[in-house]
Amino acid sequence: TRLAPTLQQEEARPDFDIHMYGKKIVSRVKDEINRRESTCQQKANVVNFQVVTQESEPWEVCRLFLSSLMLCNSKNIVLSHEEGAVTSTDALQIELMEEEVSRPMETFKAPSVADSVSVLAGGGGGVGQLSCAQAQPHQRLPRVPRKAVQNVR
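Residues numbered from 1 in each chain as written. Predicted model: local features only at pLDDT ≥ 70, side-chain atom pairs only at ≥ 80, totals over all residues. Heavy atoms only, no water.

**Student:** Teacher, can you tell me more about the overall build of the chain here?
**Tutor:** Helix and strand content of the chain: six helices and three strands. Buried residues in the chain amount to 24% of all 153 residues. In the chain, once contacts between residues fewer than 6 apart in sequence are set aside, the share between residues at least 24 apart is 56%. Within the structure as shown, the chain displays about 11100 Å² of accessible surface, and the carbon and sulfur contribution to it stands at 53%. (Helix = DSSP H or I, 4+ residues; strand = E, 2+ residues; numbered from the N terminus. Buried < 20%, exposed > 50% of the residue type's maximum accessible area, 1.4 Å probe, protein only. Contact = heavy atoms within 4.5 Å. Areas by Shrake-Rupley, 256 points an atom, 1.4 Å probe, with all protein chains shown as cover.)

This is the structure in structure tokens:
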């Protein structure tokens, strides 16, 4: 019963779209860099994480941080902290490397998925084999007869 209000608040929040938050981060970093350049401040493309989270609700800061990790993984940004600083959001810095946000997870197929697709589609390089390169994101695979699946087990 004490958890119900918290769950209701969570349900009222917008869905978490990691790509939308990633674009928001890049946009805010770019805006801050442009603001600095227009006021003749340093030209560095490094921005404090607090600039990105400014005016954000605490629950949204978590989403922004998670999205920044995704951007770091796709080499759009580099996360760092000042030398000797205690690790906190105060010390976290974002360096913009690439403005175009890529979406590598849209076409990613895990090796285990690729192997199961190969086995179910005929395996061994046969005519029925469907490789990861051939499969499109969100593509429905052909139905495999139940008998063929039982033979694989």
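There's plenty left to go through after this.
**Student:** Mind showing me how you'd approach the environment of Ser74 here?
**Tutor:** As for its position among the elements, Ser74 is in the loop between helix H4 (58–73) and strand S2 (77–81). For the pair Ser74 and Glu98, spaced 24 residues apart in sequence, the C-alpha to C-alpha distance is 9.3 Å. Reaching out from Ser74, the side chain makes a polar contact with the side chain of Asn76 at a distance of 2.7 Å. (Polar contact = N/O pair within 3.5 Å; in protein donor to acceptor, adjacent residues only side chain to side chain.)

**Student:** I tried to follow the sheet that holds strand S1 (residues 46–48) on my own but got confused; where do I start?
**Tutor:** To summarise the sheet geometry, strands pair through backbone hydrogen bonds and adopt either a parallel or an antiparallel arrangement. Read from one edge of the open sheet, three strands run S1-S3-S2, paired in antiparallel fashion. The sheet terminates laterally at S1 and S2, the two strands that pair on one side only. Going from strand to strand, the sheet's axes swing by 30 degrees on average, the running direction of each strand aside. Pairing between S1 and strand S3 (residues 92–96): three bridges, direction antiparallel. (Pairing = 2+ DSSP bridges. Axes fitted to C-alpha atoms, helices over the stretch in contact; angles between N-to-C directions.)

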